Structure formats: structure tokens, C-alpha cells
Amino acid sequence: MRKAWIKPGRLCGRWGIRYKAKGCGKMIIYFNGRLVSAAEAVLTPVDHGFLYGHGLFETMRAYHGRVFKFKEHINRLKAAADFLGWPKLPPYAELSDAITSVLNDNQLTNASVRLTCSRGQGTPRPDPGSCGQPAIAVFASPLPPPLPPAGWSVTTVAFRRNLSSPLVKIKSANYLDNILAKQEAKAKGAEEALMLNTDGFVAEGSMSNLFMASEGRLITPDIYSGILPGITRSTIIELAKAAGIIVEERQVRPEELADADEIFLTSSIMEVIPVKMLDGCPVGKSQTAGRGYFTVKLIQLYRELTAKE
């Protein structure tokens, strides 16, 4: 592993704000080429990620010290940076070394890994041209508790994916819509929000993509439905097709979900998440503990793939 370029040390600066979150004092993070304590990391108040949410991120899952689908995550990140007109981000090898170093220094092997990029320091005006190089941070944390066997309850929320906004296709640090959607879902007693788009079709969860099974087919909203094309979503589609399952990517009407045999969600951290309740009604008619045939099969295939790769 190439660690020589990562310089341990304490970040400081004339305009520095010290970041100290509860429980993070002993966490080691990567920040702009250095490994530092999270309690000692510094963010300038004229960073455009802080001022305007002008940033990008990827949330990845590490299995046995290696990030699953690392290149796919970084390709999506770099494509989004190119779309926004950013300077080039560090190459794969440097980002890979940063992640490996953070995992090692925090003594984590199976973990959630977050790579965040801000547009960086600029003038205190919304002028991206005033910014220099993007600021880059990596941290890792233990995985959340395992899912309950029956899965999650999901509720449709008022917030809608704006089909005219380019933000729906990139993993933007401007995440307020998702946060408010999740907040509304929790207030209704659900674990996840279901967001429609501005045309009234099904889009995605606040932090997940959605699949439904109906009449022997697996159906998921297409990329024109206002979704972020998830890495786990793409992997599940590939696994399903390889297993001989018919997959349809298309617009999905909300009322179709009420008649679905199964519904599940996908995310990099939680993998495949069975949905047991939608808007207060049980999902499907013949499921055992919320898990239908396709859900069980794809959970198995996904876990086999993560173990192999």
C-alpha cells in the first residue's frame, strides 16, 4: 500500500474552524492529504461546500477491509465533478490509499466509508470560479445494526423529485430534500420515505432505490424517473438478469405498488432491504416475514457477490 504521500499532522489555518462532534474525538479521518483526528480537522468558513452545499459525496461499504464496487463509486463521483465543471479529482490509487489508511487507523474492516468532496475555498459569494482545488475528506464508521427480519415500513412523503433539476442525477452534498423526506417518514412511524417525482410517478427512497416484483417480473423506476442511479441498484439488476429474472426499468405508477407481490429497497450500506409495510398496508399476500422469493434470492446473490469480490 502506498502511504508515503499521506502526511500525518495537525491541520490549522488563520480562518480555520475546528470540527468536534460528539463521539468523534478518537476518529481518524483523511482530510486534504493528511490523516488527522476528527476533533482537530479544520474547515474554512468560506468553503463553498459549507456556504452553499456545493459538494459531492459517495457512501460505500467495506467488506474485510476492501470497498465493494470502489471504481463504480469513484466513476460516478468523477462524472458528477465533470458535470459541475470542477478541477480533476485525485486518481483512483490516491483515493484508494486514503480509504485503506482510514480503515486501518480506525481498526475497521467491515464499515461504512464516506468520501466527501467540497468545491473548496472561494470568495463569500456564489462564484465557483473563485474556488481553488476541491477539499476532500474520508471517514469510516461501524456499520448500523442488522435489519429486522421483516424489513422496513415505508411511507409516501410530500417532497417530490424535481425532474427539471440536474441534482437528481448526482450525489450532491445539498441533501436537504432527502433529510426532510426522512424526517417526515420518521414522524409517520416509518423507517424510510418514498418520494414521487414532479410528474407523479414513483422515484426512490430518501436514501435508497426501489424495486417491486409483480407477475414474475422485477420492476424498478428508470433513470428518467428522477432517481440517483445507485451502485447497488445496478448490481441487483445485473444479478437478476444473470439469474434469468425479467427486469423492467420504466415509469412506475404509485398505485402499482399497492398490488405488488414484493417490494424491496437497495443501498450500499444496508444492501437489500425488504419492505413489509407501505403507507400502513402490508406488502404482498404470500410473503414470510416480509421477504418474498425475489427478495430472498437477490439478498443471497448479492451477499455471495460481496464475499467473492
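Notes on the structure in this doc start here. (Residues numbered from 1 in each chain as written. Predicted model: local features only at pLDDT ≥ 70, side-chain atom pairs only at ≥ 80, totals over all residues. Heavy atoms only, no water.)

**With respect to a nonpolar patch on the surface**
Formally: A residue counts toward a patch only above 30% relative accessible area and without a salt bridge, and it is joined to like-charged neighbours within 9 Å or, for Val, Leu, Ile, Met, Phe, Trp and Tyr, to nonpolar neighbours within 5 Å. Residue burial considers only the protein chains on display, and all accessible areas are found by Shrake-Rupley using a 1.4 Å probe. Basic side-chain nitrogens of Lys or Arg form a salt bridge, by our definition, when they fall within 4 Å of a carboxyl oxygen of Asp or Glu. Only DSSP runs of H or I reaching four residues or more are called helices, and only runs of E reaching two or more are called strands; each is numbered from the N terminus.
On the surface, a nonpolar cluster with roughly 330 Å² of combined accessible area is contributed by Leu43, Phe50, Leu51 and Tyr52. Structurally, the position occupied by Tyr52 is in helix α1 (residues 48–52).

**Looking at the pattern of salt bridges**
Put simply, the test is: Accessibility here uses a 1.4 Å probe with only protein chains present; expressed as a share of the type maximum, an area under 20% marks a residue as buried, one over 50% as exposed, and anything in between as partly exposed.
Scanning all chains against the criterion turns up 14 salt bridges. As a salt-bridge pair, Lys188 and Glu184 come within 3.1 Å of each other at their nearest N and O atoms. Of the charged contacts, one joins Glu255 and Arg253 as a salt bridge, the two residues approaching to 3.2 Å between their closest N and O atoms. Residue classification places Glu255 among the partly exposed residues on the basis of a relative accessible area of 46%. Beyond isolated ion pairs, a larger network of salt bridges with shared partners links Glu215, Arg217, Glu248, Arg250, Arg253, Glu255 and Glu256.

**Let's talk about unusual backbone geometry**
For His64, which is not glycine, the phi dihedral falls at a positive 55°. Tracing the backbone shows His64 in the loop between β6 (55–63) and β7 (66–67). Phi at Glu271 is positive, roughly 65°, even though this residue is not glycine.

**Overview of the pairing of strand β14 (residues 217–221)**
Quick reminder of the rule: A pair of strands is considered paired only if DSSP assigns at least 2 bridges between the two.
Burial runs high along β14: 4 of the 5 residues are buried. Examined bridge by bridge, strand β13 (residues 209–214) and β14 share 3 bridges and lie antiparallel to one another. The residue of β14 that forms the bridge with Met212 is Ile219. The loop that links β13 with its antiparallel partner β14 comprises 2 residues; one of these, Glu215, has a positive phi angle of about 55°.

**Regarding the packing of helix α5 (residues 231–242) against helix α7 (residues 293–308)**
Put simply, the rule reads: Each axis is a line fitted through C-alpha atoms, and for a helix only the stretch in contact is used; angles between axes span 0 to 180 degrees, taken between their N-to-C directions. Small angles under 35 degrees read as roughly parallel and large ones over 145 as roughly antiparallel, with 65 to 115 read as roughly perpendicular and the rest as oblique. Note on contacts: a residue pair is in contact if any heavy atoms of the two residues lie within 4.5 Å. Side-chain classes are defined by residue name, with Ala, Val, Leu, Ile, Met, Phe, Trp, Tyr, Cys and Pro counting as nonpolar, Asp, Glu, Lys and Arg as charged, and the others, Gly among them, as polar.
Close contact between α5 and α7 brings their axes to 10 Å; oriented N to C, the two are set at 110°. In terms of orientation, α5 and α7 fall into the roughly perpendicular class. Taken together, the residues of α7 that come into contact with α5 (itself represented by Thr232, Thr235, Ile236, Leu239 and Ala240) are Leu298, Leu301, Tyr302 and Leu305. In the contact of α5 with α7, the residues fall into 7 nonpolar, 2 polar and no charged.

**Looking at the side chain of Ser268**
Note the threshold: Here a polar contact is recorded for every N or O atom pair within 3.5 Å, except that within protein the pair must consist of a potential hydrogen donor and a potential acceptor, and residues adjacent in sequence are included only if both atoms are side-chain atoms.
Take Ser268: it is sitting in the loop between β16 (262–267) and β17 (271–278). For Ser268, the side chain forms a polar contact with the side chain of His73, separated by 3.4 Å. Beyond its immediate stretch of four places on either side in the chain, Ser268 contacts Thr59, Arg61, Tyr63, His73 and Thr232.

**Here's the deal with the environment of Asp259**
Assignment of secondary structure puts Asp259 in the loop between α6 (254–258) and β16. Of the residues examined, Asp259 reaches a relative accessible area of 64% and is grouped as exposed. With 24 residues separating them along the chain, Asp259 and Val283 place their C-alpha atoms 8.1 Å apart.

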